[in-house]
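These are the residues of each chain, in order.
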Amino acid sequence: PDVQALVMNMRDFTGRKQAGEEELMTFAQVKQEQPVESAEGKHREESEQRFRLLADNAPVMIWTSGIDKLCTYFNAPWLAFTGRTMEQELGNGWVEGVYPADKQRCLDIYTSSFDAQIPFSMDYRLRRFDGQYRWILDNGIPFYAPDGTFTGYIGSCIDITDRRSLEQRKQQFL
């Protein structure tokens, strides 16, 4: 184990060597009771940092939510797309950017899929940083801990506005 030590040069001027030893012992006990960062904790922190690095550099918008259905994370591309801060998006804040006519359908799909712990795929309009609504394809899947415990959802989104426009034009020519 990793041990830290404090070396002190002490003299007992009071003649109460017993009391001084007790004080030193109490200090040593408190020092030993402080939690030492475990290898597992360090590994988890490194893993989270690696995930955020990958997510923030991915060419898609990524989000996560906890078991309470509230969003817990949005990557840099999501925040750049919406022009909002992490604090604004967390929880149900992200819903503020959903086009009003799409909002209830979007929440219904999310909630029913979440309750059943099944993957979902939905499209809806999301307000971009410039105020323009863009069509988003949002895919979410249940996320489980290594022991099989459900921990929430992870999802990815892409802007499909251009693709939808091309499909609409193609339909006009047919």
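**So, the pattern of salt bridges**
Consideration 1: In total, this model carries ten salt bridges according to the counting rule given.
Consideration 2: A salt bridge links glutamate 89 to arginine 84; the nearest nitrogen and oxygen atoms lie 2.2 Å apart.
Consideration 3: According to the relative accessible area criterion, glutamate 89 is buried, its value standing at 1%.
Consideration 4: Put simply, Arg84, Glu89 and Glu96 are held in one network by salt bridges that share partners.

**What about the sheet that holds strand E3 (residues 120-127)?**
Consideration 1: Spatially, five strands are ordered E2-E1-E5-E4-E3 in an open sheet, and the strand pairing comes out antiparallel. Every interior strand has two partners, whereas the edge strands, strand E2 (71-74) and E3, have only one. Mean inter-strand twist for the sheet, computed between neighbouring axes without regard to direction, equals 25°.
Consideration 2: Looking at chain direction, E3 and strand E4 (residues 133-144) are connected through eight bridges and run antiparallel. Within E4, the residue paired with methionine 122 across the bridge is aspartate 138.
Consideration 3: Where helix H2 (residues 39-57) meets the sheet, its contacts fall on strand E1 (61-65), E2 and strand E5 (150-159), and the angle it forms with E2 comes to roughly 65°.

**Thoughts on helix H5 (residues 100-116)**
Residues that lie three or four places apart on an α-helix share one face, since the helix turns once every 3.6 residues.
Consideration 1: An ideal rise of 1.5 Å per residue puts 24 Å on 17 residues; H5 measures up with 25 Å between its terminal C-alpha atoms.
Consideration 2: Along its buried surface, H5 packs onto E1, E3, E4 and E5.
Consideration 3: Glutamine 117 lies just past H5 and shows a positive phi near 50°.

**Here's the deal with the side chain of aspartate 102**
Consideration 1: Relative to the assigned elements, aspartate 102 resides in helix H5.
Consideration 2: Ignoring any residue separated from it by four or fewer positions in sequence, one finds aspartate 102 in contact with Tyr124, Arg125 and Trp135.

**Observations concerning unusual backbone geometry**
Consideration 1: Positive phi values are uncommon outside glycine, yet lysine 69 reaches one of about 75°.
Consideration 2: Positionally, lysine 69 belongs in the loop between E1 and E2.
Consideration 3: Despite not being glycine, glutamine 117 shows a phi value in the positive range, around 50°.
Consideration 4: Take glutamine 117: it is sitting in the loop between H5 and E3.

**A closer look at the packing of aromatic side chains**
Consideration 1: Overall, the coordinates contain 15 aromatic pairs when judged by the stated rule.
Consideration 2: Summarising the aromatic geometry, the rings of tryptophan 63 and phenylalanine 120 are spaced 6.2 Å apart at their centres and angled 20° between planes, so their arrangement reads as stacked. Note that tryptophan 63 is positioned in strand E1 and phenylalanine 120 in strand E3, a separation of 57 residues in sequence. Comparing tryptophan 63 with phenylalanine 120, the two get one shared label, buried.
Consideration 3: Among the aromatic residues, ring-to-ring pairing joins Trp63, Trp94, Tyr110, Phe114, Phe120, Tyr124, Tyr144, Phe150 and Tyr153 into one connected group.

Parameters at a glance
- Residues numbered from 1 in each chain as written.
- Predicted model: local features only at pLDDT ≥ 70, side-chain atom pairs only at ≥ 80, totals over all residues.
- Heavy atoms only, no water.
- Salt bridge = Lys/Arg side-chain N within 4 Å of Asp/Glu carboxyl O.
- Buried < 20%, exposed > 50% of the residue type's maximum accessible area, 1.4 Å probe, protein only.
- Pairing = 2+ DSSP bridges.
- Helix = DSSP H or I, 4+ residues; strand = E, 2+ residues; numbered from the N terminus.
- Axes fitted to C-alpha atoms, helices over the stretch in contact; angles between N-to-C directions.
- Contact = heavy atoms within 4.5 Å.
- Expected span 1.5 Å × (residues − 1).
- Phe/Tyr/Trp six-rings, centres within 6.5 Å; stacked < 30°, edge-to-face > 60°.

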